[in-house]
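# Results of the structural survey
For reference, the chains in residue letters:
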Amino acid sequence: MSTYKIAVLPGDGIGPEVTKEAVKVLHALAKIDASFEFEVEELNWNSQYYLDHGRMMPENGLEVLKEYDSILFGAIGDERVPDQISIWDLIMPIRKNFQQYVNFRPVKLLKGLASPLRKEDPIDFVIIRENGEGEYSNIGGTMFHGESREMAVQNTIMTRQGVTQITEFAYRYAREHDLTKVTNATKSNAIIHAMKFWDQIVEEVAEANSDIAYERYYIDALAAYFVQRPESFQVVLASNLFGDILSDLGSAIVGGLGVAPSGNINPSREFPSMFEAVHGSAPDIAGKGIANPIAQIWSAALMLEHLGRRDLHDKILQAIEELLVEKKHLTPDIGGSATTEEVGSAIAEKLLG
Ligand code: ATP
């Protein structure tokens, strides 16, 4: 029997409410399949922890996390702690030290949900965003504060290794899922050094995988195509900034934040990967018991796929879709009046049969 050791970081706001339901679903799965079990440990490293201890996680936090097979992360953000601290002292150290250089976001219109685009064709693709370098580097600076010549510089970092490994991941993902096309999001006509370099390396990898079709669009045109013909994409490969923006556009066309999952993946598996809903701590609805747990439950499903259990991922997704089609247990964000707990329990019950 396999034992998956999962660290759960519920975080702030609705994080604890939705991770509780995701854990409920994991335990339901373990009940119906004797081939594995979960060892789940909750680590309350959140904004309250910061207020109590002056840091977002213990000094040996990364050492502790390293011992787990995977991390299920809720959401972080609390008005009592500046975002800069909660993000840069907790999320970023995990992503960077654990070399989670892939940010993985499915853009799939689940059965039972309506897209604001009112499209007939299924929308089902993934965005693979470079998660460790690119435009989101902290190399740069400002000069001449308060003077008319005041200036700011922020550097984009593209490395051969970074671009190669994210592109190889995209092609590997396409191959493993029988997909036939990779789309490169670029802007090499205007960002003539960094994005040209990006394109050059992406295309080296594309050439080595020439049985899979390759296309390249400038990011502005691609944003329009996401709205006009989202059904034409399978795997969209993007730099850190472009992927960030496209991901939110992607989640908007398939049902919104309540149903948008993501993974921060370390493909070498040297370190644990981290799975989290795209949404934040949603302070406006925290404590009301109405947050949609589907994004978090789907993120747990992505975690299982990464752990090698695509069958379990598919089971969870099927249960979610059944629930959405029935429309009996939906939270207010997608037109129902159910509570977070009712949705989690309904999905768990579907799995239990
Ligand atoms: P943060 O800075 O932590 O990202 P935010 O408020 O800017 O916080 P979100 O927390 O993602 O962003 O919330 C944006 C909006 O979406 C809020 O109105 C929130 O209530 C809603 N929302 C987010 N997640 C969910 C969810 N799981 N279920 C229902 N509504 C949600």
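The sections below set out a description of the structure shown in this document.

Take the packing of aromatic side chains next. Applying the stated criterion across every chain yields a total of nine aromatic pairs. Centre to centre, the rings of tyrosine 4 and phenylalanine 36 are 6.0 Å apart; their planes meet at 40°, and the pair counts as tilted. In this pair, tyrosine 4 sits in strand β1 (residues 2–11) while phenylalanine 36 sits in strand β2 (residues 36–42), placing the two residues 32 residues apart along the sequence. One exposure class covers both tyrosine 4 and phenylalanine 36, and it is buried. A connected cluster of aromatic rings, assembled from ring pairs, spans Tyr4, Phe36 and Phe38. In this structure, lysine 5 is placed above the aromatic ring of tyrosine 68, and the distance from its NZ or CZ to the ring centre is 5.3 Å.

The subject of this paragraph is the sheet that holds strand β4 (residues 102–108). Here ten strands make up an open sheet; going across it, the order is β2-β1-β3-β12-β11-β4-β5-β10-β8-β9 and the pairing mixed. Two strands lie at the open edges of the sheet, namely β2 and β9 (213–218), each paired on one side alone. Within the sheet, the average angular offset between the axes of one strand and its neighbour, ignoring direction, is 25°. Of the strands in this sheet, β4, β5 (124–130), β8 (181–186) and β10 (235–238) touch helix α8 (residues 240–253), which is tilted by about 155° from β5.

Here we take up the site of the ligand. Taken together, 13 residues surround the ligand, and among them His279, Gly280, Ala282, Asp284 and Asn292 come closest. One of the side-chain nitrogen or oxygen atoms of histidine 279 is found 3.4 Å away from a nitrogen atom of the ligand. In this structure, asparagine 292 approaches the ligand through a main-chain N or O atom, which is 2.9 Å from a nitrogen atom. If the ligand stood free it would expose 610 Å²; the protein chains cover 63% of that surface. Grouping the amino acids of the shell around the ligand by side-chain chemistry returns six nonpolar, five polar and two charged.

This part is about the environment of alanine 295. Structurally, alanine 295 is set in helix α9 (residues 294–306). Considering only alpha carbons, one finds alanine 295 and alanine 22, 273 residues apart in sequence, at a separation of 9.2 Å. Every residue in contact with alanine 295, bar those within four places of it in the chain, is listed here: Leu257, Gly258, Val259, Ala260, Pro261, Ala277 and His279.

The next thing to look at is the nonpolar core. Ranked by size, the top nonpolar core spans 79 residues in total, and within it Phe104, Ile128, Leu246, Ile294, Ile316, Ile320 and Ile347 carry the most contacts. Taken domain by domain, this core gets at least three of its residues from each of domain 1 (1–101 + 259–353) and domain 2 (114–253). Setting aside residues up to four positions removed in sequence, isoleucine 316 forms contacts with Val25, Leu29, Ile297, Ala301, Leu304 and Leu351. With 18 residues, the next largest nonpolar core counts Ala7, Tyr49, Met57 and Phe73 among its residues.

Another point: the layout of surface pockets. In this structure, the largest pocket occupies an estimated 640 Å³ of space. Forming the walls of the largest pocket are 30 residues, and the residues nearest its centre are Ile87, Ile91, Arg95, Glu276 and Val278. Elements with a minimum of two residues in the lining of the largest pocket: β3 (70–75), α4 (83–97), β4, α8 and β12 (273–277). Looking at which element gives the most residues to the lining of the largest pocket, the answer is α4, with eight residues. Shared between two domains, the lining of the largest pocket takes at least three residues from each, and those domains are domain 1 (1–101 + 259–353) and domain 2 (114–253).

This part is about the side chain of histidine 306. Positionally, histidine 306 belongs in helix α9. A distance of 3.2 Å separates a polar atom in the side chain of histidine 306 from a polar atom in the side chain of serine 273. If near-sequence neighbours (up to four positions away) are discounted, histidine 306 is found in contact with Ile265, Asn266, Arg269, Ser273 and Phe275.

The buried count for strand β11 (residues 261–265) comes to five of five residues, which makes it a mostly enclosed element. Judged by which residues are buried, β11 turns out to be covered on both faces: Pro261, Gly263 and Ile265 on one side and Ser262 and Asn264 on the other are all buried. Looking at chain direction, β11 and β12 are connected through four bridges and run antiparallel. Each bridged residue has a counterpart across the sheet, and for glycine 263 the counterpart in β12 is phenylalanine 275.

About the cut-offs
Residues numbered from 1 in each chain as written. Predicted model: local features only at pLDDT ≥ 70, side-chain atom pairs only at ≥ 80, totals over all residues. Heavy atoms only, no water. Phe/Tyr/Trp six-rings, centres within 6.5 Å; stacked < 30°, edge-to-face > 60°. Helix = DSSP H or I, 4+ residues; strand = E, 2+ residues; numbered from the N terminus. Buried < 20%, exposed > 50% of the residue type's maximum accessible area, 1.4 Å probe, protein only. Lys NZ or Arg CZ within 6 Å of the ring centre and 35° of its normal. Pairing = 2+ DSSP bridges. Axes fitted to C-alpha atoms, helices over the stretch in contact; angles between N-to-C directions. Contact = heavy atoms within 4.5 Å. Near = heavy atom within 4 Å. Polar contact = N/O pair within 3.5 Å; in protein donor to acceptor, adjacent residues only side chain to side chain. Areas by Shrake-Rupley, 256 points an atom, 1.4 Å probe, with all protein chains shown as cover. Nonpolar A, V, L, I, M, F, W, Y, C, P; charged D, E, K, R; others polar. Core = buried A, V, L, I, M, F, W, Y, C linked by side-chain atoms within 4.5 Å. Domains from an automatic or database assignment. 1 Å grid on protein atoms, 1.4 Å probe; cavity = no way out; pocket = protein on both sides within 12 Å on 5 of 7 lines; lining within 4 Å. Points joined across faces, edges and corners; volume = space filled by probe spheres on them.

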